[in-house]
Amino acid sequence: ATPTTEYKIKDIALAQYGRDEIAIAETEMPGLMALREEYGSAKPLKGARITGSLHMTIQTAVLIETLIELGAEVRWATCNIFSTQDHAAAAMADRGIPVFAIKGESLADYWDYVGRIFDWASEGDPDLTANMILDDGGDATMFALWGARLEAGEEMPSPANAEEIEMQRALKAFVKAKPGYLTKTVKTVKGVSEETTTGVMRLYQIAKQGKLPFPAINVNDSVTKSKFDNLYGCKESLVDAIRRATDVMLAGKVACVAGYGDVGKGSAASLRDGGARVMVTEIDPICALQAAMDGFEVVSMEEATKRADIFVTATGNEDVITGEHMKAMKHMAIVCNIGHFDSEIQISALDNYEWKEIKEGTDMVTKPDGKSLLVLAKGRLVNLGCATGHPSFVMSASFTNQTLAQIELFTKSDEYENDVYVLPKHLDEKVAALHLEKLGVELTKLSQKQADYIGVPAEGPFKPDHYRY
Ligand code: NAI
């Protein structure tokens, strides 16, 4: 990496603490460490200039150092204003990585930092741009794509919320300062790998409009990502966040999880394991049936507001908990969101009530009738806002997919159309295989006769693409 003093972090003195925790995380991230072993000398990412936007945590630090070990250069920002672990950011800055991430940064800073991660010209050569994007939620991709569209004379729609106001302000400032640069960036980028459900949804929408200018790999829908990170990750990190934020006794409480997709399944299990009685809301009959048959009561949000003590949104949708719902909730009900954006809960409906910050990430909001709510992480994703996100082990599986996706797009971009792809199944199985030894798993080997009988190669892939796990 280019030596740099170019960074925006909380405190460089936290670097050693970050470094120590990175060392612990490495022992729990066998997939990433195996990729370092496998590709460390071949350096398939040599020449890659990756603009990365993904929660700046300890686990992400191990991802960043893996990408660098494989030859890449990176510029990095977090993808949520509350998710940065300042010691992780400090450790990255300390080793010369341009990183722009501070826990609790303003929305204005957030979008300015997205500009900074695209600004490869700041390293000296005015013609230098990113040639890869690694994204979580799609903000970085949107910034570049909208930049190019602005430069082509297109008007942006009028902003719908504070987020969009700041995004458009930062983008217009960037385009004014460096005319044509984002157009050049978009032309140079070989591809984007996208981490999460919400970002993937945005990519498919753009691809459908025929406006995707480079190929994308949907990392989320690797089985070893969404069926592990979204599920087992939330199973640990949701309750961790609620406990750290509130110290509430979970056992015996009534909780409501909105959405029973992968994140909702993990979240509902997390609360049930904590001793809570859990209700679920769903719009999809298949997921509603799954919830019911997993033993959860499936209700409407109106019904839940009468009975629940704890509310968690996990839909990736908007307006799932409305101002009206919050008016009806019990005194001291806990309200939080584990989906990607803060649009799931209508936090703005609480603007005129009395807010008291109990501590960072925990606000007591008192309604005109005197009843209060505990709002966590101001409605932004609670496990990263009020705790430290998922544990390293499960992030290793996600980030092994991310790294493989970056290698694939950087080295074989020409083999892909400007569309959204998932990694092939043999790589998905490889990611899982890299995580077995750490858990002492003994895998059974198919005999050739057995393989022939079930119609798969003895070395895998073991399932057809339509298999759902
Ligand atoms: P998913 O698509 O598997 O599940 C979402 C579920 O919500 C679906 O079953 C859908 O039918 C349901 N839903 C949609 N609108 C609803 C409504 N109005 N009321 C009730 N249910 C509704 O998506 P997944 O993978 O579970 O992700 C959910 C969100 O969590 C996304 O924004 C994703 O980006 C984010 N995510 C967050 C993580 C974290 O660590 N906090 C980790 C992984 C994903």
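Residues numbered from 1 in each chain as written. Predicted model: local features only at pLDDT ≥ 70, side-chain atom pairs only at ≥ 80, totals over all residues. Heavy atoms only, no water.

With an unreviewed UniProt entry as reference, the protein chain is termed Adenosylhomocysteinase, source organism Erythrobacter litoralis. For the protein chain, the Catalytic activity (unreviewed entry) comment in UniProt is given as "S-adenosyl-L-homocysteine + H2O = L-homocysteine + adenosine". Per UniProt, the comment on the protein chain under Pathway (unreviewed entry) is "Amino-acid biosynthesis; L-homocysteine biosynthesis; L-homocysteine from S-adenosyl-L-homocysteine: step 1/1." (UniProt positions renumbered as here; feature names shortened; annotations may be inferred.)

Q: Requested: an account of the overall build of the protein chain, with residues and values cited.
A: What the protein chain contains, in helices and strands, is 18 helices and 15 strands. The C-alpha radius of gyration computed for the protein chain amounts to 22 Å, which stays within 12% of the reference 23 Å derived for 469 residues, consistent with globular compactness. Taken along the three principal axes of its C-alpha coordinates, the protein chain extends 65 × 60 × 45 Å. Buried residues in the protein chain amount to 57% of all 469 residues. In the protein chain, of all internal contacts separated by at least 6 residues, the share reaching a separation of at least 24 is 74%. Only carbon and sulfur atoms are counted for the fraction: they give 53% of the accessible area of the protein chain, which is about 20100 Å². Each charge sign in the protein chain was given a centre, from 49 positive and 68 negative side chains, and these centres are 2 Å apart. (Helix = DSSP H or I, 4+ residues; strand = E, 2+ residues; numbered from the N terminus. Rg over C-alpha atoms; globule rule 2.2 N^0.38 Å. Buried < 20%, exposed > 50% of the residue type's maximum accessible area, 1.4 Å probe, protein only. Contact = heavy atoms within 4.5 Å. Areas by Shrake-Rupley, 256 points an atom, 1.4 Å probe, with all protein chains shown as cover. Lys, Arg positive; Asp, Glu negative; His and termini not counted. Charge placed at Lys NZ, Arg CZ, Asp CG, Glu CD.)

Q: Got a sec to walk through the packing of aromatic side chains? Specific residues and values, please.
A: On inspection of all chains with the given rule, the structure shows 10 aromatic pairs. Measuring from ring centre to ring centre gives 5.7 Å for F143 and F174, while their planes differ by 85 degrees; the resulting arrangement is edge-to-face. With F143 in helix α6 (residues 139–151) and F174 in helix α7 (residues 162–177), the pair connects residues that are 31 residues apart, well separated along the chain. For the pair F143 and F174, one class covers both residues: buried. Each ring, one from Y416 and one from Y421, has its centre 4.8 Å from the other, and the planes form 75 degrees; the classification is edge-to-face. Relative accessible area serves as the criterion here: at 23%, Y421 is assigned to the partly exposed category. Through a chain of ring-to-ring contacts, the aromatic side chains of Y110, W111, F118, F143, F174 and Y181 assemble into a single cluster. Here the guanidinium or amino end of R149 rests over the ring plane of W146, the centre of that ring lying 4.0 Å away. Between the NZ or CZ atom of K178 and the centre of the ring of Y181, over which it lies, the distance is 4.9 Å. (Phe/Tyr/Trp six-rings, centres within 6.5 Å; stacked < 30°, edge-to-face > 60°. Lys NZ or Arg CZ within 6 Å of the ring centre and 35° of its normal.)

Q: Can you lay out the site of the ligand for me, pointing to particular residues and giving the numbers?
A: The environment of the ligand is made up of 27 residues, and the closest members are T196, T197, T198, V263 and E282. Within the backbone of V263, a nitrogen or oxygen atom sits 2.8 Å from an oxygen atom of the ligand. Here an oxygen atom of the ligand and a side-chain polar atom of E282 are 2.6 Å apart. Out of a free accessible area of 870 Å², the ligand has 85% covered by protein chains. Counting residues per element, the ones that place at least two in the shell around the ligand are α9 (197–208), α10 (223–246) and α11 (262–273). Counting residues per element, the shell around the ligand draws most heavily on α10, at three residues. (Near = heavy atom within 4 Å. Polar contact = N/O pair within 3.5 Å; in protein donor to acceptor, adjacent residues only side chain to side chain.)

Q: Can you break down the state of the cysteines residue by residue, with the values?
A: Going through the model one piece at a time under the given rule, you end up with zero disulfides. Take C234: it sits in no disulfide, and the sulfur closest to it among the cysteines is that of C336, at 11 Å. Left unpaired, C256 is separated from the closest cysteine sulfur, that of C336, by 11 Å. Exposure remark for C256: the relative accessible area of 0% places this residue in the buried category. (Disulfide = S-S within 2.5 Å.)

Q: Provide a residue-level description of the sheet that holds strand β10 (residues 310–313), including the pertinent values.
A: The strand order across the open sheet formed by eight strands is β9-β8-β7-β10-β11-β14-β13-β12, and the pairing between neighbours is mixed. Each edge of the open sheet is held by one strand with a lone partner, namely β9 (297–298) and β12 (354–359). Of the strand pairs in this sheet, strand β7 (residues 254–258) and β10 are connected by four bridges, and their pairing is parallel. Along β10, the bridge assignment pairs A255 with I310. On top of the sheet, α10 reaches β10, β11 (333–337), β12, β13 (362–366) and β14 (372–376); it is set at about 125 degrees to β14, its chief contact. Taken strand by strand, α11 contacts β7, β8 (277–281) and β10, and its axis lies near 175 degrees from that of β7. (Pairing = 2+ DSSP bridges. Axes fitted to C-alpha atoms, helices over the stretch in contact; angles between N-to-C directions.)

Q: Talk me through the nonpolar core; I want residue IDs and the actual numbers.
A: Grouped together as the largest cluster of nonpolar side chains are 50 residues, with contacts concentrated most on L45, I50, M56, L67, W76, M92 and V99. Among the secondary structure elements, those contributing two or more residues to this core are α1 (15–27), α2 (30–39), α3 (58–69), β2 (73–77), α4 (86–94), β4 (132–135), α16 (392–412) and α17 (425–433). Setting aside residues no more than four positions away along its own chain, M92 makes contact with R19, I22, M56, A61, I64, E65, I97 and V99. Counting residues in each nonpolar core, the second largest holds 43 residues, with C79, F100, A140 and V189 among its members. (Core = buried A, V, L, I, M, F, W, Y, C linked by side-chain atoms within 4.5 Å.)

Q: Which residues make up the UniProt feature "domain: S-adenosyl-L-homocysteine hydrolase NAD binding" (unreviewed entry) in the protein chain, and what values do they have?
A: Per the UniProt record, "domain: S-adenosyl-L-homocysteine hydrolase NAD binding" (unreviewed entry) is annotated on residues 230–389. In this annotation, residues 230–389 is assigned 34% helix and 23% strand; the end-to-end C-alpha distance for the span is 11 Å.

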